[in-house]
Amino acid sequence: MATLAISKKRQREQHTDHSVQGTEHSSESRSSKEEDTLFSSSALADSDYDSTDSESSQFSGLSEDDSEEESETYSDTEHTPEEFQNQPSDIKINEYEYDSSDEEDIRNTVGNIPMHWYDDYPHIGYDLSGKKILKPQTGDELDHLIEQSENPDYWRTVKDPQTGQNIVLSREDCAVIQRIKSGKYADKDVNAFNIDWPSSFESEVEIHPLSNRPEDKRSFIPSKWERLKVGKMVHSMKMGWMKTPSQRKKELEEKNDEDDHYYDLWSNEDENDRSRLKMHIPAPKITLPGHAESYNPPPEYLFSKEERSKWQETDKEDRRQDFVPHKYSSMRAIPAFKNFMNERFARCLDLYLCPRQQKMRMNVNPEDLIPKLPQPKDLQPFPTTEAIVYTGHKDLVRKISLDPLGQWMVSGSDDKTVKFWELHTGRCMKTLDFDDKVKSVAWCPNANISLVALAVGNHVILVNPGLGDKLIVTKTDELLAESSLPEQEKGLVTTWSEYTSDSQEFTESNLRLKVTHSKSVSQISWHAKGDYFAATLSGAGNQSVIIHQLSKRRSQCPFSKPKGLVQCTLFHPNKPFLFVATQRYIRVYNLLKQELSRKLQANCKWISSMAIHPGGDNVITGSYDCRLHWFDMDLSTKPYQTLKHQKKAIRSVDIHKKYPLFASTSDDGSVVVCHGMVYNDLMQNPLIVPVKVLRGHVTTNGLNAIDCVFHPNQPWLLTSGADSTIRLFS
């Protein structure tokens, strides 16, 4: 920019000199000179790069003829620059050292483009005829260093980016650059501060005023804000906040007259640090020495050889004493303590590294932390004592079930027998023998049907026990006789079969129907209406749960994929829902929509049993890791409360249908009875209170109480155990 400004300035000066001096010549001489100038310019363009041997020949731009014409053109000393007036005429003039035209003579016609585009090319642009303008020869760094040391004008030599030629700046050019760098005008004759500005105000009195607006009203009345400010100042002076200079001077003199001056060391401390100093806690004192540390301890404190060897073998952390008691005749015979420095060093470390903090102890009564639960006597009735013991089985009793009226009981055992009992008297009414162990028994919940489902091996056998009302027994046989066996469905491996009326099983054992499965049946559960029952198979994959319809003699598998190891299944008491308990989850399926409604997550390793509240919104589960979970399905999919009253695996759980009671049996021989009240108010959580622990069964082969069932009408509890007995608690 500085170079461009200098060149423009030279052009303006030369153009001015030429225009002034040119007026003295005639028009003819002026026209001839213009023609000569045009001719010399064309010659300059044509003979631009005729020779490439040296730098001077490349950039001289003039031939011999052109030089003669040029010398004739500038023969007049008035048109020749001062630098060349004293030089002989036969010397060739370098036209790059000055400009004789009004505009800058730009030989490089590439246009206004960045010249660094030609960094990788040997030329630097093109002339008017389209020929390449080769770059001048540039030396290496060594040449530049030599030139810098030998050339006195090196510091003011600049390079033209368009032509690549070095230009030496004159002193005037350097002065212009210095003025531009210092923020001044390039021309030193320009003075921007001595400008004759027209004065706005003069001493002469004018006729018309500058503003003829009338005075404001506020200029005639006292200022409101000044009055308020003065009032504040007066109030400050009355209160002693604002003092006069004389008062301030007097106070300063009194302060300087004080003899004692103290420097506050803690003036830069924060309030927190000061509070730390106020709450200083002294270090705990060292415990005083006892009899064992005396120089003459009693004989009972001295170690024997065995005690000494035992003390040496014990780790330092486990020793009761850090030293061995010694006995000396006098204090003069006591040697220096070997571990004195170690103990002092450990004491210093304790004081330095162990923080001491004052803790606010809460004076809380431990009894207030215990939740206030009602007394068990206020929650009666519930079973408390053992009333009847049912004996007759020879092996453990796995499952028991009661009829809907609570008059009869059926039990299945590993001794391959099924016994029917009269509940109130404890008398065995009937015994059925089978070829395999009886895993499960379930009495039909419909009081108008007298049917019992038995799980024996791979079969589900339906039995009409023939107990109770004869009318209901006869009606049950008629209902079974009305329906016939349908054709076998493809895809299922279950088979329905009937016992003929003239067979021994039909007449003596009262067996009516048999459903054969591919795997052994572990559990049976009835629907509330008594037409459907679900069978749980062990290790059957996607056919682990099969639902059977009694009236149409057909079976269906609700799942197409295995859902895990199914432990048990139950029907919802009121809605068409099916609860399927796997190892860790309880899935609730909507049978009408055929979709998963909810998935409950039990925080246990293995679910063993499950029971549903009569309302259908609460579920309890027992697990083999000694936990009982209560689920409130309206609240969450996780357990509302977890009870861990038993120390071993929980085998069975049950909920009473009328009373707010539920129970669980465990291998530790305990039967825990709890009060579980469910309120109609959704804002109130269920109340769960353990009320009684019942015991009576004898542990056999690591098993104790296996199953428990509540009486349908009375607050009674029946349990079966591994000691082959059934016990009634009332």
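Fair warning: this is a prediction, and the values are worked out from it, not measured in the lab.

### Here we look at the overall build of the chain
At step 1: Across its full length, the chain holds 14 helices and 33 strands.
At step 2: The buried share of the chain, taken over its 730 residues, is 33%.
At step 3: Relative to all contacts within the chain whose residues are 6 or more apart in sequence, the contacts with residues 24 or more apart total 48%.
At step 4: As displayed, the chain has an accessible area near 48,900 Å², and 51% of this comes from carbon and sulfur atoms.

### Description of unusual backbone geometry
At step 1: A cis amide bond links Gln380 to the next residue, Pro381, at an omega of 10°.
At step 2: With respect to the secondary-structure elements, Pro381 resides in the loop between α12 (366-369) and β5 (386-391).
At step 3: You will see that Gln594, though not glycine, has its phi angle at about 55°, which is positive.
At step 4: Inspection of the secondary structure assignment puts Gln594 in the loop between β21 (585-590) and β22 (595-601).
At step 5: Of note, the phi angle at Ser724 is positive, near 60°, even though the residue is not glycine.
At step 6: Topologically, Ser724 is positioned in the loop between β32 (717-721) and β33 (725-729).

### A look at the pattern of salt bridges
At step 1: Here the structure, examined in full by the defined rule, presents 13 salt bridges.
At step 2: Between Glu386 and Arg727 there is a salt bridge, with the nearest N and O atoms lying 2.9 Å from each other. With Glu386 in strand β5 and Arg727 in strand β33, the pair connects residues that are 341 residues apart, well separated along the chain.
At step 3: According to the relative accessible area criterion, Glu386 is partly exposed, its value standing at 35%.

### A closer look at the sheet that holds strand β23 (residues 607-612)
Backbone hydrogen bonds are what pair the strands of a sheet, in a parallel or an antiparallel way.
At step 1: If you trace the 4 strands from one edge of the open sheet to the other, you get β23-β24-β25-β26, paired in antiparallel fashion. In this open sheet, the two strands that pair with only one neighbour each are β23 and β26 (641-643). Each strand axis lies, on average, 20° off the axis of its neighbour in the sheet, ignoring direction.
At step 2: Looking at chain direction, strand β25 (residues 628-632) and β26 are connected through 3 bridges and run antiparallel.

### What about the sheet that holds strand β19 (residues 568-571)?
At step 1: Strand order across the open sheet formed by 4 strands is β19-β20-β21-β22, with antiparallel pairing between neighbours. Across the chains shown, the open sheet's two edge strands, defined by having one partner strand only, are β19 and β22. The average undirected angle you get between the axes of adjacent strands in this sheet is 20°.
At step 2: Pairing geometry for β21 and β22, over 6 bridges, is antiparallel. Across the sheet, the residue bridging to Arg587 is Lys599, located in β22.

### Description of the side chain of Asp173
At step 1: Structurally, Asp173 is set in helix α6 (residues 171-181).
At step 2: Of the polar contacts made by the side chain of Asp173, one reaches the side chain of Ser170; its length is 3.1 Å.

### Structural notes on the packing of aromatic side chains
At step 1: Taken as a whole, this structure holds 6 aromatic pairs when the rule is applied.
At step 2: Seen in terms of ring centroids, Tyr118 and Tyr121 are 6.4 Å apart; in terms of plane orientation they differ by 65°. Their pairing is edge-to-face.
At step 3: For Tyr118, a relative accessible area of 13% puts it in the buried group.
At step 4: Lying over the aromatic face of Trp225, Lys224 brings its terminal NZ or CZ to 5.1 Å of the ring centre.
At step 5: The side chain of Arg319 reaches across the aromatic face of Trp311, ending 4.0 Å from its centre.

### Points about a negative patch on the surface
At step 1: A contiguous patch of negative charge on the surface is contributed by Asp140, Glu141, Asp143, Glu147 and Glu150.
At step 2: Looking at where Glu141 falls in the secondary structure, it is placed in helix α5 (residues 141-150).
At step 3: For Glu141, a relative accessible area of 65% puts it in the exposed group.

### Some words on the nonpolar core
At step 1: Counting 21 residues, the largest nonpolar core has Val460, Leu462 and Ile524 as the members making the most contacts within it.
At step 2: Of all the secondary-structure elements, those providing two or more residues to this core are β11 (452-456), β12 (459-463), β14 (511-516), β15 (521-526) and β16 (532-537).
At step 3: If we skip the residues at most four places from it in the chain, Leu462 touches Leu451, Val452, Ala453, Asn510, Leu511, Arg512, Leu513, Trp526, Phe533 and Leu550.

### What about the confidence of the model for the chain?
At step 1: Per-residue pLDDT for the chain averages 79, and the proportion of residues at 70 or more is 80%.
At step 2: Between residues 1-92, whose pLDDT stays under 50, and residues either more than four places distant or in other chains, the model counts 94 contacts.
At step 3: Low pLDDT (under 50) marks residues 98-105, which in the prediction has 22 contacts with non-local residues, meaning those over four places away or in another chain.

### Looking at the side chain of Asp667
At step 1: For Asp667, the position within the fold is in the loop between β28 (661-666) and β29 (670-677).
At step 2: For Asp667, the side chain forms a polar contact with the side chain of Arg651, separated by 3.0 Å.
At step 3: Aside from chain neighbours lying at most four places away, what touches Asp667 is Lys648, Ala649, Arg651, Thr699, Gly702, Leu703, Asn704 and Ala705.

### Observations regarding the pairing of β33
At step 1: Summarising burial for β33: 5 of the 5 residues are buried, a large majority.
At step 2: Here β33 shows no split at all, with Thr725, Arg727 and Phe729 on one side and Ile726 and Leu728 on the other all buried.
At step 3: By the bridge criterion, 5 bridges tie β5 to β33 in an arrangement that is antiparallel. The residue of β33 that forms the bridge with Tyr390 is Ile726.
At step 4: Here β32 pairs with β33 via 4 bridges, running antiparallel. Bridging from a neighbouring strand, Ser720 pairs with Ile726 of β33.
At step 5: Hairpin connection from β32 to β33: 3 residues lie between these consecutive antiparallel strands, with Ser724 at a positive phi of about 60°.

Rules used in this analysis
- Residues numbered from 1 in each chain as written.
- Predicted model: local features only at pLDDT ≥ 70, side-chain atom pairs only at ≥ 80, totals over all residues.
- Heavy atoms only, no water.
- Helix = DSSP H or I, 4+ residues; strand = E, 2+ residues; numbered from the N terminus.
- Buried < 20%, exposed > 50% of the residue type's maximum accessible area, 1.4 Å probe, protein only.
- Contact = heavy atoms within 4.5 Å.
- Areas by Shrake-Rupley, 256 points an atom, 1.4 Å probe, with all protein chains shown as cover.
- Salt bridge = Lys/Arg side-chain N within 4 Å of Asp/Glu carboxyl O.
- Pairing = 2+ DSSP bridges.
- Axes fitted to C-alpha atoms, helices over the stretch in contact; angles between N-to-C directions.
- Polar contact = N/O pair within 3.5 Å; in protein donor to acceptor, adjacent residues only side chain to side chain.
- Phe/Tyr/Trp six-rings, centres within 6.5 Å; stacked < 30°, edge-to-face > 60°.
- Lys NZ or Arg CZ within 6 Å of the ring centre and 35° of its normal.
- Patch = residues over 30% accessible without salt bridge, like charges linked within 9 Å, V, L, I, M, F, W, Y side chains within 5 Å.
- Lys, Arg positive; Asp, Glu negative; His and termini not counted.
- Charge placed at Lys NZ, Arg CZ, Asp CG, Glu CD.
- Core = buried A, V, L, I, M, F, W, Y, C linked by side-chain atoms within 4.5 Å.
- pLDDT = per-residue confidence, 0-100.

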